[in-house]
Amino acid sequence: PNCLEDIIVMISLYRPGPMDQIPRYIKNKSNPGNIQYTHKALEPILNVTYGCMVYQEQVMQIFRDLAGYSLGRADLVRRAMGKKKLDVMAKEREYFIHGQTDENGNIIIPGCVRNGIDEASANKIFDEMAEFAKYAFNKSHAAAYAVVAYRTAYLKAYYPTEFMAA
């Protein structure tokens, strides 16, 4: 790690769902010019993590920016993904891709297709999010662990006797 942000990412990725992204993250961090996004709309959201979903907040931003969800609705979907509520997720997949209208035809959620994202990419993105979100951390949670890890490593490196005695 070169900075605290790297420690935060490592803590976030080292979990059962996100762990699959570790090789991709390492490869992309080593060579950012080779990052490939499922759709170009993901770049502003995932560029800070080298094209990988790392934080719950990124999932919520994808729902918001690509499909037009409100922040509150995106958070509800993130929670449903984490709790593996398959019935809710089936409905949300449809809304994420094609949108949702009320009984009068008014658009509640525009959906990816209305926002210029092809259906195949939208499906792939949804699948990635659903798998990732099962075990994902929010960034602040990982940051708190990272600070403890950094301080622990510092004490062990510079005060090894006291550290081991404690």
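About the thresholds
- Residues numbered from 1 in each chain as written.
- Predicted model: local features only at pLDDT ≥ 70, side-chain atom pairs only at ≥ 80, totals over all residues.
- Heavy atoms only, no water.
- Helix = DSSP H or I, 4+ residues; strand = E, 2+ residues; numbered from the N terminus.
- Buried < 20%, exposed > 50% of the residue type's maximum accessible area, 1.4 Å probe, protein only.
- Contact = heavy atoms within 4.5 Å.
- Areas by Shrake-Rupley, 256 points an atom, 1.4 Å probe, with all protein chains shown as cover.
- Lys, Arg positive; Asp, Glu negative; His and termini not counted.
- Charge placed at Lys NZ, Arg CZ, Asp CG, Glu CD.
- Core = buried A, V, L, I, M, F, W, Y, C linked by side-chain atoms within 4.5 Å.
- Expected span 1.5 Å × (residues − 1).
- Polar contact = N/O pair within 3.5 Å; in protein donor to acceptor, adjacent residues only side chain to side chain.
- Axes fitted to C-alpha atoms, helices over the stretch in contact; angles between N-to-C directions.
- Parallel < 35°, antiparallel > 145°, perpendicular 65-115°, else oblique.
- Left-handed = near helix turned anticlockwise from the far one by under 90°.
- Nonpolar A, V, L, I, M, F, W, Y, C, P; charged D, E, K, R; others polar.
- Patch = residues over 30% accessible without salt bridge, like charges linked within 9 Å, V, L, I, M, F, W, Y side chains within 5 Å.
- Salt bridge = Lys/Arg side-chain N within 4 Å of Asp/Glu carboxyl O.
- Phe/Tyr/Trp six-rings, centres within 6.5 Å; stacked < 30°, edge-to-face > 60°.

Student: An account of the overall build of the chain is requested, with residue identities and associated values reported.
Tutor: Helix and strand counts for the chain come out as 10 helices and two strands. Taking the principal axes of its C-alpha atoms as reference, the chain extends roughly 70 × 35 × 20 Å. Counting every position in the chain, which comprises 166 residues, the buried fraction comes to 36%. If you take every contact in the chain between residues at least 6 apart in sequence, the share linking residues at least 24 apart comes to 57%. For the chain, the computed accessible surface area is about 9,700 Å², with 54% contributed by carbon and sulfur atoms. Of the side chains in the chain, 20 bear a positive and 18 a negative charge, and the two mean positions are spaced by 5 Å.

Student: Quick rundown of unusual backbone geometry? Include the residues and the values.
Tutor: Not every positive phi belongs to a glycine, and Y50 is a case in point at roughly 55°. Residue placement: Y50 occurs in the loop between α3 (43–46) and α4 (56–67). A residue is classified by how much of its surface remains accessible, and Y50, at 22% relative accessible area, is partly exposed.

Student: Describe helix α1 (residues 4–13), and please don't skip the residues or the numbers.
Tutor: Along α1, the residues that are buried comprise D6, I7, I8, V9, S12 and L13. Where the residues of α1 are buried, they touch α2 (22–30) and α9 (139–158).

Student: Explain the nonpolar core residue by residue, including any values.
Tutor: Residues I62, F63, L66, Y69, M81, F96 and M129 are the most contacted members of the largest nonpolar core, which totals 29 residues. Setting aside its immediate chain neighbours within four residues, M129 contacts M53, V59, I62, F63, M81 and F96. I7, V9, Y55 and F137 belong to the second-largest nonpolar core, a separate cluster that totals 11 residues.

Student: If you had to explain α4 to someone new, which residues and values would you point to?
Tutor: In this model, α4 (12 residues) spans 16 Å end to end at C-alpha, consistent with the 16 Å of a helix rising 1.5 Å per residue. Inspection of α4 places Q56, Q58, V59, M60, I62, F63, L66 and A67 among the buried residues, and these make up the whole buried set. Summarising the contacts, the buried residues of α4 are in contact with α3, α5 (71–82), α6 (86–98), β2 (107–109), α7 (111–114) and α8 (119–133). Of the residues one or two after α4, G68 is the one with positive phi, at around 85°.

Student: Please give an account of the side chain of T49 that cites residues and values.
Tutor: Position of T49 relative to the elements: it lies in the loop between α3 and α4. Polar side-chain contacts of T49 include one of 2.6 Å to the backbone oxygen of C52.

Student: Can you lay out the packing of α1 against α2 for me, pointing to particular residues and giving the numbers?
Tutor: Where α1 meets α2, the axes come as close as 11 Å, and the angle between the chain directions of the two elements is 155°. Taken together, the axes of α1 and α2 lie roughly antiparallel to each other. Of the two elements, α1 crosses α2, and the hand of that crossing is right-handed. Listed contacts from α2 to D6, V9 and L13 of α1 are I22, Y25 and K29. Looking at the contact of α1 with α2, its residues break down into four nonpolar, no polar and two charged.

Student: Could you give an account of a nonpolar patch on the surface, with specific residues and numbers?
Tutor: On the surface, a cluster of nonpolar side chains totalling about 660 Å² of accessible area is made up of L4, Y150, Y154, L155, Y158 and Y159. Among the elements that line the nonpolar patch, the one with the most residues is α9, at four residues. Assessed through its relative accessible area of 42%, L155 is described here as partly exposed.

Student: Any details on the packing of aromatic side chains? Residues and values, ideally.
Tutor: What the rule picks out here adds up to seven aromatic pairs. Relative to Y69, the ring of F63 lies with its centre 4.9 Å away and its plane at 65°, an arrangement referred to as edge-to-face. Taken individually, F63 and Y69 each receive the classification buried, so the pair is uniform in this respect. Centroid distance F137 to Y145: 6.0 Å. Interplanar angle 5°. Geometry classified as stacked. Here F137 falls in the buried class, since its relative accessible area comes to 13%.

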